[in-house]
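Listed below are the residues making up each chain.
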Amino acid sequence: MQTTLIIIGTLVAAFVILNIYARVKMKNLPAVTDHKDILTLTEKNFQQQTKGKVVLVDFWAAWCGPCRMMSPILNDVSSELTGKNAVGKINIEEQKTLADKFKVRSIPTLILFDNGKEIKRFVGIKQKDFLLKEINSITI
């Protein structure tokens, strides 16, 4: 009985330590500058920027570690897009109305829009190849 308690206590302590370590690592991630082609979307320009094209929109916040991990991936995606395809970003703290409008409840949330209408939604970190495949499936 005592051995079981020691093992369970050790596992719980290890889990807590790993959780704290992961949070510290994610908070200390350096900020990545957005690619020059990434659109900064607001309530005022959303309709105009998404009209007539396919746009992958990232709903993010500065304090969100996984959102920061997505930045280099979105930069890579943006650099490979051609034609009427684009990547946009919405800071949910600055654009609460848009976050509410699209019912964003967790971040990072990526929504794929075609001509301003939601087509697909992805929550969490996604890889470049997956995102490019999803964008290209709409434009083909």
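Note that this is a predicted model, so its numbers are computed, not measured. (Residues numbered from 1 in each chain as written. Predicted model: local features only at pLDDT ≥ 70, side-chain atom pairs only at ≥ 80, totals over all residues. Heavy atoms only, no water.)

1. Quick word on the overall build of the protein chain
Note the threshold: Numbering of helices and strands runs from the N terminus, with a helix taken as a DSSP run of H or I at least four residues long and a strand as a DSSP run of E at least two residues long. Within these notes, the globule rule equals 2.2 Å times the number of residues to the 0.38 power, and the radius of gyration is based on C-alpha atoms. Buried means the residue's accessible area, taken with a 1.4 Å probe over protein chains only, is under 20% of the maximum for its type, while exposed means over 50%, and partly exposed covers the values in between. Note on contacts: a residue pair is in contact if any heavy atoms of the two residues lie within 4.5 Å. Methods summary: accessible areas were calculated by the Shrake-Rupley approach with a probe of 1.4 Å, and residue burial reflects only the protein chains presented. Charge assignment: positive for Lys and Arg, negative for Asp and Glu; neither His nor the chain ends contribute. By convention, charge coordinates are those of NZ in Lys, CZ in Arg, CG in Asp, or CD in Glu.
The secondary structure content of the protein chain amounts to five helices and five strands. Along its sequence from the N terminus, the protein chain presents helices and strands in the succession α-β-α-β-α-β-α-β-β-α. Here the C-alpha atoms of the protein chain give a radius of gyration of 19 Å, more than 25% beyond the 14 Å that 2.2 N^0.38 yields for 140 residues. When the backbone C-alpha atoms are referred to their principal axes, the protein chain occupies close to 65 × 30 × 25 Å. Counting all 140 residues of the protein chain, 36% fall into the buried class. Relative to all contacts within the protein chain whose residues are 6 or more apart in sequence, the contacts with residues 24 or more apart total 72%. Accessible area for the protein chain stands at about 8,800 Å²; split by element, carbon and sulfur atoms hold 59% of it. Side chains of the protein chain carry 20 positive and 13 negative charges; the gap between the two charge centres is 3 Å.

2. Here's the deal with a nonpolar patch on the surface
Our working definition: Patch members must show over 30% relative accessible area and no salt bridge, and they are joined within 9 Å when carrying like charges or within 5 Å when they are nonpolar side chains of Val, Leu, Ile, Met, Phe, Trp or Tyr. Salt bridge, as used here: a side-chain nitrogen of Lys or Arg that lies within 4 Å of a carboxyl oxygen of Asp or Glu.
Among the surface-exposed residues, Ile8, Val12, Phe15, Val16, Ile20 and Val24 lie close enough to one another that they form a single nonpolar patch of about 560 Å² accessible area. Along the chain, Ile20 falls in helix H1 (residues 2–27).

3. So, unusual backbone geometry
Omega for the peptide link from Ile107 to Pro108 comes to 0°, which places this bond in the cis form. Looking at the element boundaries, Pro108 is found in the loop between helix H4 (96–101) and strand E4 (109–114). Even without a glycine there, the phi angle at Lys103 is positive, about 55°. Here Lys103 lies in the loop between H4 and E4. For Lys103, a relative accessible area of 57% gives the class exposed. Unlike most non-glycine residues, Asn115 shows phi in positive territory, near 55°. Note that Asn115 resides in the loop between E4 and strand E5 (117–123).

4. Quick look at the confidence of the model for the protein chain
Heads up, the rule is: For every residue, the predictor states its confidence as a pLDDT score lying anywhere from 0 to 100.
Averaged over every residue, the pLDDT of the protein chain is 89; the share at 70 or more is 94%. The element-level mean pLDDT for the protein chain is lowest in H1, coming to 84, with E4 highest at 96.

5. Points about the pattern of salt bridges
All chains considered together, the criterion is met by four salt bridges. Notably, a salt bridge pairs Asp37 with Lys36, separated by 3.4 Å at the nearest N-O pair. Assessed through its relative accessible area of 37%, Asp37 is described here as partly exposed. In this structure, Lys128 and Glu80 form a salt bridge, with 2.6 Å as the shortest nitrogen-oxygen distance. Placement of Lys128 in helix H5 (residues 128–139) and of Glu80 in helix H3 (residues 65–80) is noted, with a sequence separation of 48 residues between them. The partly exposed category is assigned to Lys128, whose relative accessible area is 25%. The exposure class assigned to Glu80 is partly exposed, which follows from its relative accessible area of 44%.

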